[in-house]
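# Tertiary structure, described
Residue-level listing of the chains:
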Amino acid sequence: DTAVSQTPKYLVTQMGNDKSIKCEQNLGHDTMYWYKQDSKKFLKIMFSYNNKELIINETVPNRFSPKSPDKAHLNLHINSLELGDSAVYFCASSLTSGGETQYFGPGTRLLVL
Amino acid sequence: AQSVTQLGSHVSVSEGALVLLRCNYSSSVPPYLFWYVQYPNQGLQLLLKYTSAATLVKGINGFEAEFKKSETSFHLTKPSAHMSDAAEYFCAVRRGGNQFYFGTGTSLTVIP
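Residues numbered from 1 in each chain as written. Chains lettered and ligands numbered in written order. Predicted model: local features only at pLDDT ≥ 70, side-chain atom pairs only at ≥ 80, totals over all residues. Heavy atoms only, no water.

## Considering the overall build of chain A
In terms of helices and strands, chain A carries 0 helices and 11 strands. Seen in sequence order, chain A has helices and strands lined up from the N terminus as β-β-β-β-β-β-β-β-β-β-β. The C-alpha atoms of chain A give 13 Å as radius of gyration, which agrees with the globular expectation for 113 residues (13 Å, within 12%). By residue count, 44% of the 113 residues in chain A fall in the buried class. Approximately 5,400 Å² of chain A is accessible, and the part contributed by carbon and sulfur atoms is 51%. (Helix = DSSP H or I, 4+ residues; strand = E, 2+ residues; numbered from the N terminus. Rg over C-alpha atoms; globule rule 2.2 N^0.38 Å. Buried < 20%, exposed > 50% of the residue type's maximum accessible area, 1.4 Å probe, protein only. Areas by Shrake-Rupley, 256 points an atom, 1.4 Å probe, with all protein chains shown as cover.)

As structure tokens, then:
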């Protein structure tokens, strides 16, 4: 009965590869987010979607492309992975885009070699 | 711009001692403030939030935080630390709409 789930939990890959991370929420929320947490635990928002529409797009390389097939899913595709992309990526959701409590997934630990 | 600053990236307390984790915010309007906890290898979990109602906010696991406008602070406290409280704690502010900005985190160690 996980509220916000992410797959995979761990991802180890080579530089230059393309990879995707999937996120699903079963809370009936309208808004979903992707965050990146670096090695110093700094957490920064990357994207936010509300009802499948992009509403926040922070300064992120265009190698990162989010896709929301429906409001319960928000996937993150990363092209041409670089060493600096190594981090923990968290998906989150909130009831609406009005800033209520965000519920976080368990994270995807990405290591680029 | 609205942001939060967490003083002290590492805090150690003895089991049973008071826990005090500091958070100061900068905001031009009354903010919405949050404390999240992150246990090892897990996602963030909401501890409590301030949304301009009562200034003393009680959260889960015995934590509470007091919003002090005069000091622009929202410090997190717990009267008696438990070993299970060892985790990373993040203060966050909501900036317009649904943009959340997180502090750099405070790692809490509880010494038996």
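## Points about the interface of chain A and chain B
Contacts between chain A and chain B engage 24 residues on the former and 19 residues on the latter. Interface area for chain A against chain B, summed over the two sides, is near 1,700 Å², with a carbon-plus-sulfur share of 51%. Along the contact surface separating chain A from chain B lie 0 salt bridges. Counting the contacts that link chain A with chain B gives 4 residue pairs in polar contact (both at pLDDT 80 or more). Counting only elements with at least two residues in the side of chain A that touches chain B, the list comes to β4 (31-37), β5 (43-50) and β6 (53-57) of chain A. In terms of residue count, the dominant contributor to the side of chain A that touches chain B is β4 of chain A (4 residues). Classifying every residue of the side of chain A that touches chain B gives 10 nonpolar, 9 polar and 5 charged. (Contact = heavy atoms within 4.5 Å. Buried area = accessible area lost by both parts, 1.4 Å probe. Salt bridge = Lys/Arg side-chain N within 4 Å of Asp/Glu carboxyl O. Polar contact = N/O pair within 3.5 Å; in protein donor to acceptor, adjacent residues only side chain to side chain. Nonpolar A, V, L, I, M, F, W, Y, C, P; charged D, E, K, R; others polar.)

## Focus: the nonpolar core
Counting residues in hydrophobic clusters, the biggest one holds 27 residues, and the most contacted among them are W35, L48, F74, L76 and Y89 of chain B. Put simply, the parts of the chain that give this core at least two residues each are β2 (10-14), β3 (19-26), β4 (32-38), β5 (44-50), β7 (64-68), β8 (73-78), β9 (87-95) and β11 (106-111) of chain B. Excluding anything up to four places from it in sequence, F74 of chain B contacts C23, L33, F34, W35, L48, K49, Y50, V57, A65, E66 and F67 of chain B. Within the second largest apolar cluster, 19 residues are counted, among which are L11, I21, L74 and L110 of chain A. (Core = buried A, V, L, I, M, F, W, Y, C linked by side-chain atoms within 4.5 Å.)

## Here's the deal with the sheet that holds strand β6 (residues 56-58) of chain B
Residue and element names in this part refer to chain B. Spatial strand order, β1-β3-β8-β7-β6: 5 strands in an open sheet with antiparallel pairing. In the strand order of this sheet, the two ends are held by β1 (3-7) and β6, each with one partner. If you compare each strand with its neighbour and ignore which way they point, the axes differ by 20° on average. Sheet analysis places β3 next to β8, joined by 4 bridges and oriented antiparallel. From the neighbouring strand, L21 faces β8, where its bridge partner is L76. (Pairing = 2+ DSSP bridges. Axes fitted to C-alpha atoms, helices over the stretch in contact; angles between N-to-C directions.)

## Overview of the packing of aromatic side chains
All names here are of chain A. Under the counting rule described, the total for this entry stands at 14 aromatic pairs over all chains. Geometrically, the ring pair formed by F90 and F104 is edge-to-face, given 6.4 Å between the ring centres and 80° between the ring planes. Of the two residues, F90 is situated in strand β9 (residues 87-94) and F104 in strand β10 (residues 103-104); the sequence distance between them amounts to 14 residues. Look at F104 and you get buried, because its relative accessible area is 10%. (Phe/Tyr/Trp six-rings, centres within 6.5 Å; stacked < 30°, edge-to-face > 60°.)

## Concerning the pairing of β3 of chain B
Residue and element names in this part refer to chain B. Only one face of β3 is buried, namely the one carrying V19, L21, C23 and Y25, since none of L20, R22, N24 and S26 on the opposite face is buried. Bridge count between β1 and β3: 5 bridges; the pairing is antiparallel. Bridged to Q6 within β3 is C23.

## Some points on the sheet that holds strand β7 (residues 64-70) of chain A
Residue and element names in this part refer to chain A. Spatially, β1-β3-β8-β7 is the arrangement adopted by the 4 strands of the open sheet, whose pairing is antiparallel. This sheet does not close on itself; its edge strands, each paired only once, are β1 (4-7) and β7. The sheet shows a mean angle of 20° between the axes of neighbouring strands, direction not considered. Pairing of β7 with strand β8 (residues 73-78), which is carried by 5 bridges, proceeds in the antiparallel orientation. Along β8, the bridge assignment pairs P66 with L76.

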